[in-house]
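These are the residues of each chain, in order.
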Amino acid sequence: MDSTQKNTAEVSVERCALVLVIIGSVLIPFMGSSLSLILPLIQNELAVNILLLGWIPTAFTLANAVLVLPFGRLADIHGRKKIFTAGFVVYTLASLLASVSTSGLALIIFSFLQGAGCALIFATGVALLISIFPPEKRGRVLGIEISAAYIGLFLGPLLGGFLAQSLGWRNIFLINVPIGLFALVLLLTRFKGEWKGSEGEKFDLVGSLIYALSLSSLMYGFSALNEVSGKVFLLSGLMGMALFFKIIKDSPNPIISLKIFKNKLTRFSGSALLLVTIGTSAMWTLLSLYLQNLRGLDTISTALILAVQPLAVAILSPVVGRWIDRRDNKRIILLGVVVCTIGLLILAFSGLETPLLQVVVGLLLVGVGLGLFSAPTNQNFLGSLTSKFYGVGSATLSTMIFIGQTLSLGILLLILTGFLGNVEIAPSNYPLFLEGLNVSFYIFAAISALGAVFTYIGVYRPDTHVNK
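Note that the coordinates shown come from a computational prediction; the quantities given were computed from them, not determined experimentally.

### A word on the overall build of the chain
Counting secondary structure elements, the chain contains 19 helices and 0 strands. A compact globule built from 468 residues would reach a C-alpha radius of gyration of about 23 Å, and the chain, at 22 Å, matches this within 12%. Based on the C-alpha atoms only, the size of the chain along its principal axes is roughly 75 × 55 × 45 Å. Total accessible area on the chain is roughly 19700 Å²; 69% of this is exposed by carbon and sulfur atoms.

Quick look at the structure:
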């Protein structure tokens, strides 16, 4: 093969990889953000009680969170394309089965399988991009991948709501099937090659099981911290995670090597991502309650206002990605966290008479901040690793996001129940809800500001450790 043919083949693989990762990056947030919208419709048709109903989206998120890291390790050992392909197989089949479910329990099982498919895809998508694209193109493709994820988040409430109301809730699951089949055809016919980083090493099954059980216990415990059972699960999870870190410290083939955190840039970039995720993830839930209950807006109007934030990220991320390929990202990444924090502070002043334009501006600033922050943070984290750790590094990023989302919602629940108690939001307790909203956004802004400090330490005061 001459150099021209080789270059053409490389470009073809790059384009194919980008298309496939974009498909996965759109589908998964779309499914996650649509799922909450269709719960009332599922309840009416299948007569599901409130406990089972709540477990449908929880099973999806839980599977994502606890499986993505072990799957990232498997991808490094056995091949990232293999795990990525398995993700689309599992996700597509689970979507088909969910669309024909006849009970709430079946839907929970298939939702968990969907989440497992998502974890297979998330564990490998970004790792494939980093493996295939040269360093001078990575910022651009990471920006596109982040943009695709926020487009999925943007489409969920709008397109998902339209499909559910017009054609029924089953079509939210069914729409994934032809798209998943298209991705599989592309994977099997056009996407040539395989990428591994730790071929021949063993998979730590015991460590993976302890990790999955401990993280599940932690996530449930934190979400139910006001109950005795929540405290028990939280304590059990903490003890389990302590045991897990002891195991990976002594294991020759851990599912995540602590060596990847020797580099200050890796360590502080990951911490900043976790903090910013905690500061911004519960924002949609809080503002949705505020806009619909206190301000009297309908679902579509609320969705359109909330869509300002993911749309801003989707538009800005590819531009920022191209920028950081050619220039230093220190100023832009720090500016992103600062802008995000300012947006959260503006939202903290929301009241019954606050102009809706103020809410839109706050959301827009958070979106712009995340658009400036996300791509360069991901690039810094993964770029500081050797190819050996791309799979587990990509999975670690996803795990931090899922944990951040869970912690964010847990903090919000603690604050609101602290002000309101375990009651429904009603006109009689609107003032208490507003106090809880204001305090929540102040706390989230403080967490985001701490993320700015970590960002500064990571990008302005890096060390010279190399991950080997």
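### Overview of the pattern of salt bridges
Enumeration over the complete set of coordinates arrives at 4 salt bridges. Measuring nitrogen to oxygen at the nearest pair gives 2.7 Å for the salt bridge that ties Arg 80 to Asp 76. With relative accessibility at 1%, the residue Asp 76 sits in the buried group.

### What about the layout of surface pockets?
Quantified by volume, the second largest pocket comes out at close to 490 Å³. Around the second largest pocket, the lining is made up of 21 residues, and of these Leu 215, Met 241, Phe 245, Thr 399 and Ile 403 lie nearest the centre. Those elements giving two or more residues to the lining of the second largest pocket turn out to be α10 (205-223), α11 (228-250) and α18 (390-420). Top contributing element to the lining of the second largest pocket by residue count: α18, with 6 residues.

### Thoughts on empty space enclosed by the protein
A full pass over the atoms with the stated rule returns 1 cavity of 30 Å³ or more. In this model, the largest cavity occupies a volume close to 30 Å³. What lines the largest cavity is Phe 268, Ser 269, Ala 272, Ile 333, Phe 373, Thr 377, Phe 454, Thr 455, Gly 458 and Val 459. Among the secondary structure elements, those contributing two or more residues to the lining of the largest cavity are α12 (264-281), α17 (356-383) and α19 (430-460). Looking at which element gives the most residues to the lining of the largest cavity, the answer is α19, with 4 residues. Tallied by class, the residues present in the lining of the largest cavity amount to 6 nonpolar, 4 polar and no charged.

### Brief notes about the side chain of Ser 440
On the secondary structure map, Ser 440 appears in helix α19. Not counting the four nearest positions on each side in its chain, Ser 440 is found in contact with Leu 286, Leu 412 and Ile 415.

### A closer look at the packing of aromatic side chains
Taken as a whole, this structure holds 6 aromatic pairs when the rule is applied. Measuring from ring centre to ring centre gives 5.4 Å for Phe 268 and Phe 454, while their planes differ by 50 degrees; the resulting arrangement is tilted. One end of the pair, Phe 268, is in helix α12; the other, Phe 454, is in helix α19, and 186 residues separate them in sequence. Residue classification places Phe 268 among the buried positions, given a relative accessible area of 16%. A relative accessible area of 24% means that Phe 454 is categorised as partly exposed.

### Examining the packing of helix α13 (residues 283-294) against α17
Two elements in contact, α13 and α17, have axes separated by 13 Å at closest approach and are oriented at 170 degrees. Put simply, α13 runs roughly antiparallel to α17. Contacts between α13 and α17 involve Met 283, Leu 287, Tyr 290 and Leu 291 from the former and Leu 356, Val 359, Leu 363 and Val 366 from the latter. Looking at the contact of α13 with α17 residue by residue, the class counts come to 8 nonpolar, no polar and no charged.

### Thoughts on α18
Compared with an ideal rise of 1.5 Å per residue, which puts 31 residues at 45 Å, α18 spans 45 Å between its outermost C-alpha atoms and is within 8% of the ideal. Two residues or fewer after α18 comes Gly 421, characterised by a positive phi angle close to 80 degrees.

### Concerning a nonpolar patch on the surface
Together, Leu 93, Leu 96, Leu 97, Val 100 and Leu 174 give the surface a local cluster of nonpolar side chains, amounting to about 410 Å² of exposed area. Residue placement: Leu 93 occurs in helix α4 (residues 80-99).

### Things to note about the environment of Ala 314
One can find Ala 314 in helix α15 (residues 308-326). Sequence spacing of Ala 314 and Asp 250 is 64 residues, and the spatial spacing of their C-alpha atoms is 42 Å. Apart from residues lying up to four places away in sequence, Ala 314 is in contact with Ser 147, Tyr 150 and Ile 151.

### As for the packing of α4 against helix α6 (residues 125-132)
Taken N-terminus to C-terminus, the directions of α4 and α6 make an angle of 145 degrees; their axes are 10 Å apart at the nearest point. Crossing of α4 against α6: the hand is left-handed. Side by side, α4 and α6 meet where Arg 80, Lys 81 and Phe 84 of the first sit next to Gly 125, Ala 127, Leu 128 and Ser 131 of the second. Looking at the contact of α4 with α6 residue by residue, the classes come out as 3 nonpolar, 2 polar and 2 charged.

### Examining α6
Taken across its 8 residues, α6 has 7 buried, putting it largely inside the fold. Within the sequence span of α6, burial applies to Gly 125, Val 126, Ala 127, Leu 128, Leu 129, Ile 130 and Ile 132.

### Notes on the confidence of the model for the chain
Averaged over the chain, the pLDDT score is 82; the fraction of residues at 70 or greater is 91%. Low pLDDT (under 50) marks residues 464-468, which in the prediction has 14 contacts with non-local residues, meaning those over four places away or in another chain.

### Here we look at the environment of Leu 184
Turning to its location among the elements, Leu 184 is positioned in helix α9 (residues 176-189). Take Leu 184: its relative accessible area is 12%, and that puts it in the buried class. Between the C-alpha atoms of Leu 184 and Ile 255, which are 71 residues apart in sequence, the distance is 27 Å. Setting aside its immediate chain neighbours within four residues, Leu 184 contacts Thr 85, Phe 88, Val 89 and Thr 92.

### Description of the nonpolar core
In this structure, Ile 42, Phe 88, Phe 191, Met 283, Leu 287, Tyr 290 and Phe 441 are the most contacted members of the largest nonpolar core, which totals 142 residues. A per-element tally of this core places helix α3 (residues 50-78) first, with 13 residues. Here Leu 287 is in contact with Leu 306, Leu 347, Val 359, Leu 363 and Phe 441, once residues within four sequence places are set aside.

Calculation notes
- Residues numbered from 1 in each chain as written.
- Predicted model: local features only at pLDDT ≥ 70, side-chain atom pairs only at ≥ 80, totals over all residues.
- Heavy atoms only, no water.
- Helix = DSSP H or I, 4+ residues; strand = E, 2+ residues; numbered from the N terminus.
- Rg over C-alpha atoms; globule rule 2.2 N^0.38 Å.
- Areas by Shrake-Rupley, 256 points an atom, 1.4 Å probe, with all protein chains shown as cover.
- Salt bridge = Lys/Arg side-chain N within 4 Å of Asp/Glu carboxyl O.
- Buried < 20%, exposed > 50% of the residue type's maximum accessible area, 1.4 Å probe, protein only.
- 1 Å grid on protein atoms, 1.4 Å probe; cavity = no way out; pocket = protein on both sides within 12 Å on 5 of 7 lines; lining within 4 Å.
- Points joined across faces, edges and corners; volume = space filled by probe spheres on them.
- Nonpolar A, V, L, I, M, F, W, Y, C, P; charged D, E, K, R; others polar.
- Contact = heavy atoms within 4.5 Å.
- Phe/Tyr/Trp six-rings, centres within 6.5 Å; stacked < 30°, edge-to-face > 60°.
- Axes fitted to C-alpha atoms, helices over the stretch in contact; angles between N-to-C directions.
- Parallel < 35°, antiparallel > 145°, perpendicular 65-115°, else oblique.
- Expected span 1.5 Å × (residues − 1).
- Patch = residues over 30% accessible without salt bridge, like charges linked within 9 Å, V, L, I, M, F, W, Y side chains within 5 Å.
- Left-handed = near helix turned anticlockwise from the far one by under 90°.
- pLDDT = per-residue confidence, 0-100.
- Core = buried A, V, L, I, M, F, W, Y, C linked by side-chain atoms within 4.5 Å.

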